[in-house]
Each structure stands twice: as C-alpha cells, then as structure tokens.
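Okay, here's what each chain looks like letter by letter:
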Amino acid sequence: EDQVTQSPEALRLQEGESSSLNCSYTVSGLRGLFWYRQDPGKGPEFLFTLYSAGEEKEKERLKATLTKKESFLHITAPKPEDSATYLCAVQATGGYNKLIFGAGTRLAVHP
Amino acid sequence: NAGVMQNPRHLVRRRGQEARLRCSPMKGHSHVYWYRQLPEEGLKFMVYLQKENIIDESGMPKERFSAEFPKEGPSILRIQQVVRGDSAAYFCASSGTGSGSTYEQYFGPGTRLTVT
C-alpha cells in the first residue's frame, strides 16, 4: 500500500536556526513527490515537485531533496513567517493523479 | 483571480440536510480533484474528475456522496443527509493535462462544513 510518513510531527525553532523536515514514502512507482505549505484556515500552497532521485529544488530559504526512499525539506535561517504546516505528498504511476499525503510537520519559528 | 475558487467558504448544515460545495478550477485547467481534511487528520483524496467524466472515485464514501464536473459551470461535491462525522474542510484542487509540471495540483481555499 502506498504510504507517506512525515517527521517530526512538530518542530520548534529559534529564528535563524536551520533544520530539516523528513518525508519517507513507500510507493509502487513514483511519478512525483510534492511539498506544500499550509497556513491555518487556508488551502495548501504548492512549493516543489521532485521527480527523480538526486533531484533538488530551491526557493528562498527552502530546499527540497529526493532519494529513492525519502525527501528532505531543508529550512535555512528560518524566519517567523516560515511558521506553517508543511505537507509532503506522493503521486504514484498507475494511480491516476491522486495525491497521497503525509500527516504534515507543524513548524513554529520564534523570534 | 486566476486561482482555484471554492464557495461557500463556510457552510453550516443540520443533520439530514444536503450540502453542495462548488469549485471552479484555475484558468486553463481541466482536471479537478476533491480532498477532505478531517479535524487533526491529514488530507485524504476523494475523487478525480475531468469535464463530464469521473476518472477515479476510489476515495469517495459509497453512500451519500457524489461529485460532478459538467461541461459548463463549476464542479460540485454533493453530500446528502449530512451527519456530524461529515464536518471537515473540503478542498478542491486543479491541474493541467499532459506530463511534467502539469501534474502539479493547485488548491483552493477550502469549504469548511459544520454539521450541527
């Protein structure tokens, strides 16, 4: 069964303290791995898509990497406005286009 | 606003009533997806539609729930005879066609359904 596990469930950082969020996945065949950011009361906001092991993408203070079993979202020198829930999802080949989401990591960045 | 639009944003229904949730996809997108987020749970896929076709409804409850995406107008998620367990945030997403970046799904702001 296709599955996504994110860790940690919650993470508290001081402003400027870099860290990484983990997304482990089990999927029959990976079409793509997606990262989203979700603020309270809002819909998920698209961040990155990764398609193959070794791929990396960056956006401001965020960098996403992908291996054959997991993805990392690295946050460099975070700011309070980076506080949100970060969601990881996979899309399997042969599974039409549905996204299978992990439970998310709640990130709180304190000044 | 070229983003995914959903309405209403908040919907309150009494047990046994019907709920209708609407979604207009992003401009140029022809694929629509519905997801449900129960309190303290992750997003769960419900159904995937293209114009006038249901492609994958593997996540849709077998009873009381239905979805459509007509040739004209928004996609509709319909919940008949709502129960308290249907209280959740319902998100619509849309994507383009083909390969590569067109697999990316963009989400709307959601409809928060409360059943009293």
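Note that the structure is predicted; figures quoted are calculated from it, not measured. (Residues numbered from 1 in each chain as written. Chains lettered and ligands numbered in written order. Predicted model: local features only at pLDDT ≥ 70, side-chain atom pairs only at ≥ 80, totals over all residues. Heavy atoms only, no water.)

A. Spotlight on the interface of chain A and chain B. If you look at the interface, chain A gives 19 residues, while chain B gives 22 residues. Approximately 1700 Å² of surface area, both sides summed, lies buried where chain A meets chain B, with 57% of it carried by carbon and sulfur atoms. Considering only the side of chain A, the residues that lose the most area to chain B are Tyr96, Asn97 and Lys98 of chain A, jointly responsible for 28% of the buried surface there. Connecting chain A to chain B are zero salt bridges. At the boundary of chain A and chain B, one finds eight residue pairs in polar contact (both at pLDDT 80 or more). Elements represented by at least two residues in the side of chain A that touches chain B include exactly strand 4 (30-38), strand 5 (45-50), strand 9 (84-92) and strand 10 (99-101) of chain A. Ranked by the residues each element gives to the side of chain A that touches chain B, the list is headed by strand 4 of chain A, at four residues. Split into classes, the residues belonging to the side of chain A that touches chain B amount to nine nonpolar, seven polar and three charged. (Contact = heavy atoms within 4.5 Å. Buried area = accessible area lost by both parts, 1.4 Å probe. Salt bridge = Lys/Arg side-chain N within 4 Å of Asp/Glu carboxyl O. Polar contact = N/O pair within 3.5 Å; in protein donor to acceptor, adjacent residues only side chain to side chain. Helix = DSSP H or I, 4+ residues; strand = E, 2+ residues; numbered from the N terminus. Nonpolar A, V, L, I, M, F, W, Y, C, P; charged D, E, K, R; others polar.)

B. Structural context of the state of the cysteines. Here the structure, examined in full by the defined rule, presents two disulfides over all chains. The disulfide partner of cysteine 23 of chain A is cysteine 88 of chain A, and the S-S distance across this bridge is 1.9 Å. Judged by the torsion about the S-S bond (-65 degrees), the cysteine 23 of chain A/cysteine 88 of chain A disulfide is left-handed. Here the residue cysteine 23 of chain A occupies a position in strand 3 (residues 19-26), and cysteine 88 of chain A occupies one in strand 9, the gap between them amounting to 65 residues. Here the two residues cysteine 23 of chain A and cysteine 88 of chain A agree in accessibility, since each one is buried. What pairs with cysteine 23 of chain B in a disulfide is cysteine 92 of chain B, and their sulfur atoms sit 1.8 Å apart. Measuring handedness by torsion sign, the sulfur bridge of cysteine 23 of chain B and cysteine 92 of chain B sits at about -55 degrees and is left-handed. Of the two residues, cysteine 23 of chain B sits in strand 3 (residues 19-24) while cysteine 92 of chain B sits in strand 9 (residues 88-95), which places them 69 residues apart along the sequence. (Disulfide = S-S within 2.5 Å. Buried < 20%, exposed > 50% of the residue type's maximum accessible area, 1.4 Å probe, protein only.)

C. Structural view of the pattern of salt bridges. Residues and elements named next belong to chain A. Under the definition given, this model contains seven salt bridges over all chains. A salt bridge links lysine 57 to glutamate 55, with the nearest nitrogen and oxygen atoms 3.8 Å apart. Here lysine 63 makes a salt bridge to glutamate 56, at a shortest N to O gap of 3.3 Å. Here lysine 63 falls in the partly exposed class, since its relative accessible area comes to 27%.

D. Focus on the sheet that holds strand 7 (residues 62-66) of chain A. Residues and elements named next belong to chain A. Ordered by their spatial adjacency, five strands build an open sheet running 1-3-8-7-6, and the pairing between neighbours is antiparallel. Two strands in the sheet have a free side with no partner beyond their single neighbour: strand 1 (3-7) and strand 6 (56-59). Within this sheet the neighbouring strands show an average axis-to-axis angle of 15 degrees, counted without direction. Two elements, strand 6 and strand 7, share four bridges in a ladder whose sense is antiparallel. Counted as the bridge partner of lysine 59 is leucine 62 from strand 7. (Pairing = 2+ DSSP bridges. Axes fitted to C-alpha atoms, helices over the stretch in contact; angles between N-to-C directions.)

E. Examining the packing of aromatic side chains more closely. Taken as a whole and judged by the stated rule, the model has nine aromatic pairs over all chains. Where tyrosine 33 of chain B meets tyrosine 48 of chain B, the ring centres are 4.7 Å apart and the plane angle is 15 degrees; that geometry is what we call stacked. Of the two residues, tyrosine 33 of chain B sits in strand 4 (residues 31-37) while tyrosine 48 of chain B sits in strand 5 (residues 43-50), which places them 15 residues apart along the sequence. In this structure, tyrosine 33 of chain B and tyrosine 48 of chain B share a single accessibility class: buried. Residues tyrosine 35 of chain B and phenylalanine 45 of chain B carry aromatic rings whose centres are separated by 5.8 Å and whose planes lie at 70 degrees to one another, so their mutual orientation is edge-to-face. A residue pair is termed long-range when its members are at least 10 positions apart, and tyrosine 35 of chain B in strand 4 and phenylalanine 45 of chain B in strand 5 qualify at ten residues. By the burial criterion, tyrosine 35 of chain B is buried, and phenylalanine 45 of chain B matches it. Taken together, the aromatic side chains of Tyr36, Phe46 and Phe101 of chain A together with Tyr35, Phe45, Tyr106 and Phe107 of chain B make up a single cluster linked through ring pairs. (Phe/Tyr/Trp six-rings, centres within 6.5 Å; stacked < 30°, edge-to-face > 60°.)

Function cannot be read off these values alone, since they describe shape.
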